[in-house]
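Descriptive analysis of the structure
Letter by letter, the chains look like this.
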Amino acid sequence: MDLTGKHIVLGLTGGIACYKSAELCRALVKEGATVQVVMTEAAERFITPVTMQALSGRPVYGSQWDAREPNNMPHINLSRAADAIVLAPCSADFIARLVQGRADELLSLMCLARPIERVPLLVAPAMNREMWAHPATQRNLAQLQADGAILLGVGSGLQACGETGDGRMLEPEELLEDLVAFFQPKPLAGRRVLVTAGPTYEAIDPVRGITNLSSGKMGFAVARAAREAGAEVTLVAGPVDLATPRGVSRVDVRSAQDMLAAVNARVEQASLFIATAAVADWRPANAADQKIKKDGSGRTPELAFAENPDILAAVAQSPRAQSGALFCVGFAAESHDLLAHAQAKRARKGVPLLVGNIGPATFGQDDNALLLVDAQGATELPRASKRELARQLISDIARRLAA
Ligand code: CTP
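As the structure is a prediction and not an experimental result, all values here were calculated from the model. (Residues numbered from 1 in each chain as written. Predicted model: local features only at pLDDT ≥ 70, side-chain atom pairs only at ≥ 80, totals over all residues. Heavy atoms only, no water.)

1. Considerations on a nonpolar patch on the surface
A contiguous nonpolar surface patch, about 350 Å² in accessible area, is contributed by Ile 16, Tyr 19 and Phe 46. Tracing the backbone through its elements, the reader meets Phe 46 in helix H2 (residues 43-46). Exposure remark for Phe 46: the relative accessible area of 43% places this residue in the partly exposed category. (Patch = residues over 30% accessible without salt bridge, like charges linked within 9 Å, V, L, I, M, F, W, Y side chains within 5 Å. Areas by Shrake-Rupley, 256 points an atom, 1.4 Å probe, with all protein chains shown as cover. Salt bridge = Lys/Arg side-chain N within 4 Å of Asp/Glu carboxyl O. Helix = DSSP H or I, 4+ residues; strand = E, 2+ residues; numbered from the N terminus. Buried < 20%, exposed > 50% of the residue type's maximum accessible area, 1.4 Å probe, protein only.)

The following block contains the structure:
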């Protein structure tokens, strides 16, 4: 679990998004965190402390005069115990209170009293779009960040008031992903990373094509892990049915040629290229413009193939890769003799690091096992979830980049 051992103080302020905080609290607990809920009086108008106590498994705090604390200082005790304070939802009014350093109720008092260098404050605003766009709010948000708070951003769309725009609180799963990322080490901070993922689809005619069983899960996990490690990540994805990792910029492509064009347009800015995509080796040489019809004779169509460009090999031969300005990592999906094939493939593609895995054993699965092959030899990353393996791989790559 990604938040095991973390103690989160979850602060709720007045806003309809409080109903989402129940789900967030549950998600944090499921991920292994202990959660202490603190609510303002206004928050208690939207959701009851009973609900939040049941979900967090701890009594909720709401008053600075709470006599349950032996020293009668809940603002000190609660803030000292926290690995992070998360305000979700954080109202426009509460943002203004934080900016002013107000301390006339428990939650703002606790935020003010927190040891600023040790206990991070993460803020998930929630408000009507006009309130969000108002210069006062934007000015306060800028000041809040200057004072060291981390702004988690807002969602966009239909609001409880019936208007549509920016200012909704992020969804609980988005907040969870941001929080998990927040606690990860940042060895790729300041780097730009380009990742390819998924299969490609090569058209035979407008309704048929050739593809493969790659689900894209490993590549998406790699993109997510790189972003968690602090990188600015672009993910070039073939046709897959997966949610974009938070904070990752995604470019959807279909064929190998599309993928090559998307990579070429972006690779100059990257210092790390990770090719996890299962690119089709061949495409139908002459895709038909119209659907190929049966003519009743029983004859089957003749399919001729053309070889697709090798994206990884081309990138690895570029001057930036050759000079060391761009570090290239390849993947190899094999069905047998993994080590021998991976070593041969590393040499053929001209990359410093090649990651081998057994394709049929991993396609579509949530776990995998990896074999890291470089000039010195091979290291095994034993079977684990793709998310965990991706993190291990990214920290291994970060060590190579730093060396
Ligand atoms: N790759 C690529 N472009 C291609 C084919 C492969 O960028 N046209 C990349 C993959 O993303 C992966 C690595 O090259 O990082 C190896 O892919 P794989 O399909 O295992 O190897 P192939 O080169 O296709 O070799 P073979 O089919 O002989 O196994």
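There is more to say, and it comes next.
2. Structural notes on the side chain of Thr 40
When you line up the elements, Thr 40 lands in the loop between strand S2 (34-39) and H2. Excluding its chain neighbours within four sequence positions, the residues that come into contact with Thr 40 are Leu 12, Thr 13, Gly 14, Phe 94, Glu 105 and Leu 107. (Contact = heavy atoms within 4.5 Å.)

3. Quick word on the packing of helix H4 (residues 74-81) against helix H6 (residues 106-113)
Where H4 meets H6, the closest approach of the two axes is 8 Å, and the angle between their N-to-C directions is 55 degrees. As judged from the angle between their axes, H4 and H6 are oblique. By crossing handedness, the relation of H4 to H6 is classed as right-handed. Residues Pro 74, His 75, Ile 76, Leu 78, Ser 79 and Arg 80 of H4 touch H6, and the partners they reach there are Leu 106, Leu 109, Met 110 and Ala 113. Split by residue class, the contact of H4 with H6 holds seven nonpolar, two polar and one charged. (Axes fitted to C-alpha atoms, helices over the stretch in contact; angles between N-to-C directions. Parallel < 35°, antiparallel > 145°, perpendicular 65-115°, else oblique. Left-handed = near helix turned anticlockwise from the far one by under 90°. Nonpolar A, V, L, I, M, F, W, Y, C, P; charged D, E, K, R; others polar.)

4. Comments concerning helix H9 (residues 172-183)
Between its first and last C-alpha, H9 extends 17 Å over twelve residues, near the 16 Å set by a 1.5 Å rise per residue. Buried residues of H9: Pro 172, Leu 175, Leu 176, Glu 177, Asp 178, Leu 179, Val 180 and Ala 181, and no others. (Expected span 1.5 Å × (residues − 1).)

5. Section: the packing of aromatic side chains
A full pass over the atoms with the stated rule returns one aromatic pair. Arranged with centres 5.3 Å apart and planes meeting at 75 degrees, the rings of Phe 182 and Phe 183 form a pair that is edge-to-face. Sitting over the face of the ring of Tyr 61, Arg 68 holds its NZ or CZ atom 4.4 Å from the ring centroid. (Phe/Tyr/Trp six-rings, centres within 6.5 Å; stacked < 30°, edge-to-face > 60°. Lys NZ or Arg CZ within 6 Å of the ring centre and 35° of its normal.)

6. Brief notes about the pattern of salt bridges
All told, the structure shown has 26 salt bridges when counted by the stated rule. In this structure, Glu 163 and Arg 129 form a salt bridge, with 3.1 Å as the shortest nitrogen-oxygen distance. Note that Glu 163 is positioned in the loop between strand S6 (155-158) and strand S7 (164-168) and Arg 129 in helix H7 (residues 129-133), a separation of 34 residues in sequence. Residue classification places Glu 163 among the partly exposed residues on the basis of a relative accessible area of 30%. With a shortest N-O distance of 3.1 Å, Glu 232 and Arg 192 are connected by a salt bridge. Here Glu 232 is found in strand S11 (residues 232-237), whereas its partner Arg 192 is found in strand S8 (residues 192-197), with 40 residues between them in sequence. Classification of Arg 192 as partly exposed rests on a relative accessible area of 40%. Here the residues in one salt-bridge network are Asp 2, Arg 224, Glu 228, Arg 387 and Arg 391, joined through shared partners.

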